[in-house]
Amino acid sequence: MNARLATRQFLRGRHALMGFIRLLVRDSHAAEDIFQDVWMELIDATERRKEIDDLPKWCRGVARNLAKRHWREQKHGRIVAGTELLDQIELAFAEAQQADDYWDARHNALKDCVSLLPERAQQLLRQRCEAGNTLAAMASELNRTVEAVTKSLSRIRATLRRCVERKLKVELQP
Amino acid sequence: MNSLEHLLDCWEEGELSAEALGQFEAVLATTAGRAAFFRESFDRSVIAEVLKAQACAVAEASSRSSIATPRKSSASVSRHTVAVLLSGIIAAAVLFVVGLFVSQGQKPGVPLARPPQVAVADLPEYNDADDFDLPIEMVAEFAEFTSTAGGNSRDVIQRRLSPTTLNVTSGAAQFASLGGADVRLEGPALFGLSSGISGVLFEGSVQARLTKPDANYSVLISNLKVFDLGTEFRVRAVDNDHVEVEVLDGEVEIQSRSRLPLFFWDFEESNGRFADAVLQQPATLQGSARRVGGIVGSGAVEFDNSPGSMVRIEGGTGEKVGTGRFACSSGISIEAMIVSRWSGQWEDYDEIFRKNDGAYRMLLAFQHDYSRKTMPPIPSGPCLTLGLHLEGHRFGRLAMPLDGRDGRPSLEELTDGRPHHIVATYDAFSGLKALYIDGWVRYQHRYPVGTLILSGGPEGAVIGDASENPHFDKSAFNGQIDEVAFYDFALTPDEVAEHYRHVMAGANYFGDDVEQLRAPPWKGVTRLVKGDRVVFDRHRVVPVGAVRSPRR
């Protein structure tokens, strides 16, 4: 597989891969670094003429190893998934990779729906996405309880889910 | 809140209890659970991505001072007429050009890795009647990641590039030449995409690999060309004098530039139909232009300042800019012997050579007008002008005032009834535009190293007038023109001096050896095969140090 072909395949599954990496490292900046590193490993592999049968799986494997390294370097004491759980998570992503078109459409729908959220809702989600921002820290900052913040986030996500499902229903109708 | 959402919250918090872990594993044990888990993870990832992009967009809009650069490498820049910035994610990662900038009107905040050696001010905005646009030949394609603001958008598009220079400050960049090669640049590198089948290495290193059996790709550096013969190879500029060539697969031929003109008309034919000495490119007398006794040899052409009197060069054109026999990229020289009777009056123009491809035209002429588009800027007055379109700088003129100051000739000196040797050059390897009179340089201006010429195209070349277009009714030459030579590289000061010595001795520029002009423009020096890594003197094209594979 040459670099261009590998690039195309890599890009086709990039949303799911990024989701996988984010899930593992729970930090957007670290996730982007690992995403880059997976890319570099892929290019090195194509240059070495390495045979890659299942590119998304190969990328997740590399990402998983890099995430482990990230965990070791962080030493922050937060949970680190065991091999079995990681295998299950990877299986979830492997099963989903069959429907790239659907996830592309969902990605676009989500982009639209997030932009339709009220600014306060966007702000709350943004705070949650910031690296290291725990629910407790958010609650303290907002002068609310952890439960209240959790509930607000849950409602916002539910709103987004409904919005996305509506959009997808319209888009995917024959 | 559903349990999966709760579990993911716990996961994100890093507080997954043994009980929660068990629940998590139970969810993931079923196909439906895994699908729901993936959907929730996917959504959260996309939400984070979208919000981050929005935040960056807001930050950029408010500060208007920063465009995200990759965190893993410094920004790379390219002179190219389309501003694009690759995303921080992959850009840094090593494969593609990480950022491009428009050399005029750069986006704020994008660091210029290599500041121009000469500050080039924005040229005045105006349109000449002859500034019409023409289609340009595309040369390469690369994947580009749009980055509206924070580098978080990952939409990718395949973008086609016209001739341009890529400047990779770190990491690496890769593109596909339309001739069928994957080309990779290792930063820091400065590389000109001159055509679909060749490139020009100014700094750094480049690796090319053919992707089609019938493709070819060559890399040029000064007088040396690496010509592939079905291969993968790497070329590295070691310093200003040396280049290292390494063959990774197959075979390459190392070629040396013959340093001969592409065209040379000496007007020796007596029938009014001239053929150049190199390619037999025909040229014909038009209007009242007539053949007379030569400034050098037996023939020259006399022009009487009447519109339409010219030597029209037949053919040599191309469909688009960047094609045709007059298309040059890394260098050019226009050389002629003249006897001038130019008036030097306001809005009088005497064209020596012109190829009138609109905004991509080339010209060597006497001019006196508003001195627009001159670099460096000069006050209005009689000038000798080299006009070229340099990529990223648009059409511009090096206009030498004929004022007799600082070594420049005066109008009176050039119109004294005696023959004068005129040479105009541009060299992308040095960025130097220069005008020579009678064997030595009189005026020059330096552009950033690596600035390519955009030339060629559908319009025919003309000697002694601008064109048959009545718009140019003041452009006819008044005097004689002889020994017109056109090169796709810049003559050196030593070569110009030697040519002048030859014509002063009554010979042509090449010592009257016209036969030598029919030699191929590039001659093979040696072939290298897989495993060879050899250092060459890039000017003389001789190996200076070789690391041969043991098996040879």
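Definitions and limits used
- Residues numbered from 1 in each chain as written.
- Chains lettered and ligands numbered in written order.
- Predicted model: local features only at pLDDT ≥ 70, side-chain atom pairs only at ≥ 80, totals over all residues.
- Heavy atoms only, no water.
- Helix = DSSP H or I, 4+ residues; strand = E, 2+ residues; numbered from the N terminus.
- Buried < 20%, exposed > 50% of the residue type's maximum accessible area, 1.4 Å probe, protein only.
- Contact = heavy atoms within 4.5 Å.
- Areas by Shrake-Rupley, 256 points an atom, 1.4 Å probe, with all protein chains shown as cover.
- Disulfide = S-S within 2.5 Å.
- Expected span 1.5 Å × (residues − 1).
- pLDDT = per-residue confidence, 0-100.
- Patch = residues over 30% accessible without salt bridge, like charges linked within 9 Å, V, L, I, M, F, W, Y side chains within 5 Å.
- Salt bridge = Lys/Arg side-chain N within 4 Å of Asp/Glu carboxyl O.
- Lys, Arg positive; Asp, Glu negative; His and termini not counted.
- Charge placed at Lys NZ, Arg CZ, Asp CG, Glu CD.
- Core = buried A, V, L, I, M, F, W, Y, C linked by side-chain atoms within 4.5 Å.
- Pairing = 2+ DSSP bridges.
- Buried area = accessible area lost by both parts, 1.4 Å probe.
- Polar contact = N/O pair within 3.5 Å; in protein donor to acceptor, adjacent residues only side chain to side chain.
- Nonpolar A, V, L, I, M, F, W, Y, C, P; charged D, E, K, R; others polar.
- Axes fitted to C-alpha atoms, helices over the stretch in contact; angles between N-to-C directions.
- Parallel < 35°, antiparallel > 145°, perpendicular 65-115°, else oblique.
- Left-handed = near helix turned anticlockwise from the far one by under 90°.
- Phe/Tyr/Trp six-rings, centres within 6.5 Å; stacked < 30°, edge-to-face > 60°.
- Lys NZ or Arg CZ within 6 Å of the ring centre and 35° of its normal.

Caption draft 1: Quick look at the overall build of chain A. Of regular secondary structure, chain A possesses nine helices and zero strands. Taking all 174 residues of chain A together, 49% fall into the buried category. Contacts in chain A between residues far apart in sequence, at least 24 positions, make up 62% of those at least 6 positions apart. As presented, chain A carries roughly 8,800 Å² of accessible surface, and 49% of it is formed by carbon and sulfur atoms.

Caption draft 2: Fine view of the state of the cysteines. All names here are of chain A. Within the structure shown, the criterion is met by one disulfide over all chains. Here Cys113 engages in a disulfide with Cys163; their sulfurs sit 2.0 Å apart. Residues Cys113 and Cys163 share a disulfide whose torsion about the S-S bond is about -85°; that sign makes it left-handed. In this pair, Cys113 sits in helix α6 (residues 100–116) while Cys163 sits in helix α9 (residues 146–172), placing the two residues 50 residues apart along the sequence. Here Cys113 falls in the buried class, since its relative accessible area comes to 2%.

Caption draft 3: Representation of α6 of chain A in the model. With 17 residues, α6 of chain A extends 25 Å between its outermost C-alpha atoms, agreeing within 8% with the 24 Å of an ideal straight helix rising 1.5 Å per residue. Residues Trp103, Ala105, Arg106, His107, Ala109, Leu110, Cys113 and Val114 of chain A constitute the buried set of α6 of chain A.

Caption draft 4: Broad picture of the confidence of the model for chain A. Here chain A averages 82 in pLDDT, and 91% of its residues register 70 or above. Of all secondary-structure elements in chain A, the lowest mean pLDDT belongs to helix α1 (residues 3–12) of chain A, at 74, while helix α8 (residues 135–142) of chain A reaches the highest, 87.

Caption draft 5: Focus on a positive patch on the surface. A surface patch of positive charge is lined by Arg120, Arg144, Lys151 and Arg155 of chain A. Structurally, Arg144 of chain A is set in the loop between α8 and α9.

Caption draft 6: Just the pattern of salt bridges, in detail. Residues and elements named next belong to chain A. One pass over the structure, following the stated rule, counts 37 salt bridges over all chains. Taking the shortest distance from any N to any O, the salt bridge between Arg64 and Glu90 comes out at 2.7 Å. A residue pair is termed long-range when its members are at least 10 positions apart, and Arg64 in helix α4 (residues 55–74) and Glu90 in helix α5 (residues 83–96) qualify at 26 residues. Across the pair, exposure class does not vary: Arg64 and Glu90 are buried alike.

Caption draft 7: Here's a closer look at the nonpolar core. Grouped together as the largest cluster of nonpolar side chains are 73 residues, with contacts concentrated most on Phe10, Ile21, Val38, Ile89 and Leu160 of chain A together with Phe37 of chain B. A total of nine residues in this core trace back to one element, the largest contributor, which is helix α3 (residues 28–47) of chain A. Among residues more than four places away in sequence, those in contact with Val38 of chain A are Phe10, Leu17, Ile21, Trp58, Cys59, Val62, Ala63 and Leu66 of chain A. In terms of nonpolar packing, the next biggest core, distinct from the first, is built from 59 residues, Phe274, Leu364, Phe429 and Leu452 of chain B among them.

Caption draft 8: The arrangement of the pairing of strand β8 (residues 218–221) of chain B in detail. All names here are of chain B. What you see with β8 is no split at all: Ser218 and Leu220 on one side and Val219 and Ile221 on the other are buried throughout. With three bridges connecting them, strand β7 (residues 198–210) and β8 associate as parallel partners. The partner of Val200 across the bridge, within β8, is Leu220. Relative to strand β9 (residues 224–228), β8 is paired through four bridges, and the arrangement is antiparallel. Bridge pairing links Ile221 to Leu224 in β9.

Caption draft 9: Just the interface of chain A and chain B, in detail. On the side of chain B, 59 residues touch chain A, which itself brings 60 residues to the contact. Overall, the association of chain A and chain B removes approximately 5,600 Å² of surface from exposure, summing both partners, and the carbon and sulfur fraction of that is 60%. Where chain A packs against chain B, one counts nine salt bridges. On inspection of chain A and its partner chain B, the count reaches eleven residue pairs in polar contact (both at pLDDT 80 or more). Elements that contribute at least two residues to the side of chain A that touches chain B include exactly α1, α2 (14–25), α3, α5, α6, α7 (119–129) and α9 of chain A. Top contributing element to the side of chain A that touches chain B by residue count: α3 of chain A, with eleven residues. Residue composition of the side of chain A that touches chain B, grouped by class: 27 nonpolar, 15 polar and 18 charged.

Caption draft 10: Region of interest: the packing of α7 of chain A against α8 of chain A. All names here are of chain A. Where α7 contacts α8, the two axes come as close as 9 Å, and the packing angle between them is 135°. The angle between α7 and α8 places the two elements in the oblique class. When you trace α7 past α8, the crossing you get is right-handed. In contact with Leu124, Gln127 and Arg128 of α7, α8 contributes Leu135, Met138, Glu141 and Leu142.

Caption draft 11: Quick peek at the sheet that holds strand β14 (residues 273–275) of chain B. All names here are of chain B. Read from one edge to the other, the open sheet built from eight strands follows the order β14-β15-β18-β27-β20-β21-β22-β23, with strand pairing classed as antiparallel. Two strands close off the open sheet at either side, each with one partner strand: β14 and β23 (394–401). For this sheet, the mean angle separating the axes of adjacent strands, direction not counted, is 20°. Sheet analysis places strand β22 (residues 383–390) next to β23, joined by eight bridges and oriented antiparallel. When the bridges of β23 are listed, Thr385 appears paired with Ala399.

Caption draft 12: Quick peek at the packing of aromatic side chains. Enumeration over the complete set of coordinates arrives at 25 aromatic pairs over all chains. An angle of 25° between the planes, with centres 4.5 Å apart, marks the rings of Phe263 of chain B and Phe326 of chain B as stacked. Highlighted residues: Phe263 of chain B in strand β13 (residues 263–265) and Phe326 of chain B in the loop between β18 (310–313) and β19 (331–340), separated in sequence by 63 residues. Its relative accessible area of 0% is what places Phe326 of chain B among the buried residues. Plain terms: the ring middles of Phe326 of chain B and Phe353 of chain B are 6.1 Å apart, the flat faces sit at 40° to each other, and that makes the pair tilted. On the criterion of sequence distance, the pair formed by Phe326 of chain B in the loop between β18 and β19 and Phe353 of chain B in strand β20 (residues 350–355) is long-range, its members being 27 residues apart. For the pair formed by Phe326 of chain B and Phe353 of chain B, the shared burial category is buried. Every member of this aromatic cluster is reached through a ring pair, and the members are Phe20, Phe93, Tyr102 and Trp103 of chain A together with Trp11, Phe24, Phe37, Phe38 and Phe42 of chain B. Across the ring face of Phe395 of chain B, the terminal group of Arg361 of chain B is positioned such that the distance to the ring centre comes to 3.7 Å.

Caption draft 13: Summary view of the packing of α3 of chain A against α4 of chain A. Residues and elements named next belong to chain A. Between α3 and α4, the shortest axis-to-axis distance is 9 Å and the interhelical angle comes to 130°. When the axis of α3 is compared with that of α4, the two are oblique. Where α3 crosses over α4, the two elements pack in a sense that is right-handed. Between α3 and α4, the residues in contact are Ala30, Ile34, Asp37, Val38, Glu41, Leu42 and Ala45 and Leu55, Trp58, Cys59, Val62, Ala63, Leu66, Ala67, Arg69 and His70, respectively.

Caption draft 14: Just the side chain of His368 of chain B, in detail. All names here are of chain B. As for its placement among the helices and strands, His368 is situated in the loop between β21 (362–367) and β22. Using a relative accessible area of 13% as the deciding quantity, one classes His368 as buried. Separated by 2.8 Å, the side chain of His368 and the backbone oxygen of Gly344 make a polar contact. Residues in contact with His368, not counting those within four places in the same chain, are Trp342, Gly344, Gln345, Trp346, Glu347, Asp348, Ser380, Gly381 and Pro382.

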